[in-house]
Amino acid sequence: QVQLVESGGGLVQAGGSLRLSCAASGRTFSSYAMGWFRQAPGKEREFVAAISSIGVSIHYADSVKGRFTISRVNAKNTVYLEMVNLKPEDTAVYYCAADSNYGLGSKLTTPDPYDYWGQGTLVTVSS
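Here is a short report on the structure shown in this document.

The rules behind each value
- Residues numbered from 1 in each chain as written.
- Predicted model: local features only at pLDDT ≥ 70, side-chain atom pairs only at ≥ 80, totals over all residues.
- Heavy atoms only, no water.
- Phe/Tyr/Trp six-rings, centres within 6.5 Å; stacked < 30°, edge-to-face > 60°.
- Buried < 20%, exposed > 50% of the residue type's maximum accessible area, 1.4 Å probe, protein only.
- Salt bridge = Lys/Arg side-chain N within 4 Å of Asp/Glu carboxyl O.
- Helix = DSSP H or I, 4+ residues; strand = E, 2+ residues; numbered from the N terminus.

### A few points about the packing of aromatic side chains
Okay, so step 1: The tally for this structure, following the rule as stated, stands at five aromatic pairs.
Okay, so step 2: Arranged with centres 6.3 Å apart and planes meeting at 75 degrees, the rings of F29 and Y32 form a pair that is edge-to-face. Accessibility assignment for this pair places F29 and Y32 in one class, buried.
Okay, so step 3: Seen in terms of ring centroids, F37 and W117 are 5.1 Å apart; in terms of plane orientation they differ by 55 degrees. Their pairing is tilted.

### Quick word on the pattern of salt bridges
Once the charged atoms of two side chains with opposite charge are near each other, the side chains can pair.
Okay, so step 1: Evaluated as defined, the whole model comprises four salt bridges.
Okay, so step 2: Put simply, R38 and E46 hold a salt bridge, and the shortest N to O gap is 3.0 Å.
Okay, so step 3: Among the residues examined, R38 registers a relative accessible area of 5% and is labelled buried.
Okay, so step 4: In this structure, D90 engages R38 in a salt bridge whose closest nitrogen and oxygen atoms are separated by 2.9 Å. Here D90, found in the loop between β8 (78-83) and β9 (92-99), pairs with R38, found in strand β4 (residues 33-39); they are 52 residues apart in sequence, far enough to count as distant. Comparing D90 with R38, the two get one shared label, buried.
Okay, so step 5: Each of R38, E46, R67 and D90 takes part in salt bridges that share partners, so that together they form one network.

This is the structure in structure tokens:
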């Protein structure tokens, strides 16, 4: 089983910045596609960003384009989500996910291809 542990969430003011981290167990991290999703109370889980195993393919939700940046450091088994110009509507629990069977046909903008999920980290943006 792959274990994913998110960190870096917290309370920030609108316009502020945070960097989320997701540390993965295992020795095959470099082969996983990785994604970030978020879920606010009473809402469905929403795609945020994804990155392929070596970073060739990157995807962002329209709501975060230009503000969030996903990256990975495979030598550290870690994927990051850098968030700037945060808005109150960004408030949610943010989840890291891994697709251990990533291929060119994977649709990383939906939860379906991901087979491992972290427990989430809470981001609260005050107005």
